Amino acid sequence: MSNVEPKNVGQFIERDELINYLPHKGKMFLLSRVTQHDVDKHTITSEYDITEDCIFYEEEFGGIPTWAGFELMAQGVSALTGITNKIKGRTPFPGMILSVVDFKASVGFLAKGTTCQMKIAEDYRDEETHTYRYLCNLYAAKGDAEPAASAKITVMETENMGAMFSK
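None of these values were measured; they are calculated from a predicted model. (Residues numbered from 1 in each chain as written. Predicted model: local features only at pLDDT ≥ 70, side-chain atom pairs only at ≥ 80, totals over all residues. Heavy atoms only, no water.)

### So, the overall build of the protein chain
Part 1: Counting its regular elements, the protein chain contains 2 helices and 9 strands.
Part 2: Listing every helix and strand of the protein chain by position from the N terminus yields β-α-β-β-β-α-β-β-β-β-β.
Part 3: Against the globule reference of 15 Å for 167 residues, the protein chain gives a C-alpha radius of gyration of 16 Å, in line with a compact fold.
Part 4: Considered along the principal axes of its C-alpha atoms, the protein chain spans approximately 50 × 40 × 30 Å.
Part 5: A total of 167 residues make up the protein chain; the buried ones form 41% of that total.
Part 6: In the protein chain, the proportion of contacts linking residues at least 24 apart, taken out of those at least 6 apart, comes to 65%.
Part 7: Accessible surface, the protein chain as shown: approximately 8900 Å² in total, 51% of it carbon and sulfur.
Part 8: Across the protein chain, the centroid of the 17 positively charged side chains sits 2 Å from that of the 24 negatively charged ones. (Helix = DSSP H or I, 4+ residues; strand = E, 2+ residues; numbered from the N terminus. Rg over C-alpha atoms; globule rule 2.2 N^0.38 Å. Buried < 20%, exposed > 50% of the residue type's maximum accessible area, 1.4 Å probe, protein only. Contact = heavy atoms within 4.5 Å. Areas by Shrake-Rupley, 256 points an atom, 1.4 Å probe, with all protein chains shown as cover. Lys, Arg positive; Asp, Glu negative; His and termini not counted. Charge placed at Lys NZ, Arg CZ, Asp CG, Glu CD.)

### A short note on the pattern of salt bridges
Side chains that carry opposite charge are capable of pairing whenever their charged atoms lie near each other.
Part 1: Inspection of the entire model under this criterion finds 10 salt bridges.
Part 2: One salt bridge connects E14 with R33, and the closest N-O pair in it is separated by 3.7 Å. Taken together, the residues E14 in strand β1 (residues 13-14) and R33 in strand β2 (residues 33-38) connect sequence positions 19 residues apart.
Part 3: Accessibility expressed as a relative area gives 13% for R33, which makes it buried.
Part 4: With its nearest N and O atoms 2.9 Å apart, the salt bridge here joins R125 to E122. (Salt bridge = Lys/Arg side-chain N within 4 Å of Asp/Glu carboxyl O.)

### Comments concerning the environment of T51
Part 1: Structurally, T51 is set in the loop between β3 (43-49) and β4 (63-65).
Part 2: For T51, a relative accessible area of 33% corresponds to the partly exposed category.
Part 3: The spatial distance from the C-alpha of T51 to the C-alpha of E17 is 20 Å, given a sequence separation of 34 residues.
Part 4: When near neighbours in sequence (up to four residues on either side) are disregarded, T51 contacts Y57 and K112.

### Comments concerning the sheet that holds β2
Within a beta sheet, neighbouring strands are joined by backbone hydrogen bonds and run either parallel or antiparallel to one another.
Part 1: Spatial strand order, β1-β2-β3-β7-β8-β9-β5: 7 strands in an open sheet with antiparallel pairing. Because the sheet does not close on itself, it has two edges, and the strands there are β1 and β5 (95-105).
Part 2: Looking at chain direction, β5 and strand β9 (residues 149-157) are connected through 8 bridges and run antiparallel. Looking across to β9, one finds that M96 is bridged to M156.
Part 3: Against the sheet, helix α2 (residues 69-88) engages β1, β2, β3, β5, β7 (115-126), β8 (131-139) and β9, with an angle of about 125° to β8. (Pairing = 2+ DSSP bridges. Axes fitted to C-alpha atoms, helices over the stretch in contact; angles between N-to-C directions.)

### Some words on the packing of aromatic side chains
Part 1: With the rule as written, the count across this model stands at 2 aromatic pairs.
Part 2: Ring geometry for F56 and W67: centres 5.6 Å apart, planes at 75°, overall edge-to-face. A residue pair is termed long-range when its members are at least 10 positions apart, and F56 in the loop between β3 and β4 and W67 in the loop between β4 and α2 qualify at 11 residues.
Part 3: Taking the relative accessible area as the measure of exposure, W67 reaches 47% and is therefore partly exposed.
Part 4: In this arrangement the basic side chain of K119 is found over the ring face of Y139, its NZ or CZ atom lying 5.6 Å from the centre. (Phe/Tyr/Trp six-rings, centres within 6.5 Å; stacked < 30°, edge-to-face > 60°. Lys NZ or Arg CZ within 6 Å of the ring centre and 35° of its normal.)

Below you can see the structure in the form of structure tokens.
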């Protein structure tokens, strides 16, 4: 299953390197950096610097709506998968979000000029079906004690995405 040579990956990964671990590109790449990851415990902490360039930015509110935070959290999950594949020398497979449940938000918008932080930890793993669930917390600013949003995100990886949709 592995055609990729295992590599060391530092704990702090800036955007220019991080973009190599995710399928998201252009305006849909919504991570600025990773500040912590543990591929054995399946945890990651990532950050996003909120600017007017964000695809979800709404000028009249001076930020991005918190509901878009599920995508920031999902990209944190994707980063963890990409980093894990790189470290363990695994060939990456396409993945998809199966569900976002229990989404809660305590603020309406994440303000321009702030750095939000996503803390993500896996709480369910089924290797047979390649299905995983993550507990995700998004903090409106680094160091906040309480999350501005939280959700449970379930994802699935598959070797053959086309087979998932054939009759």
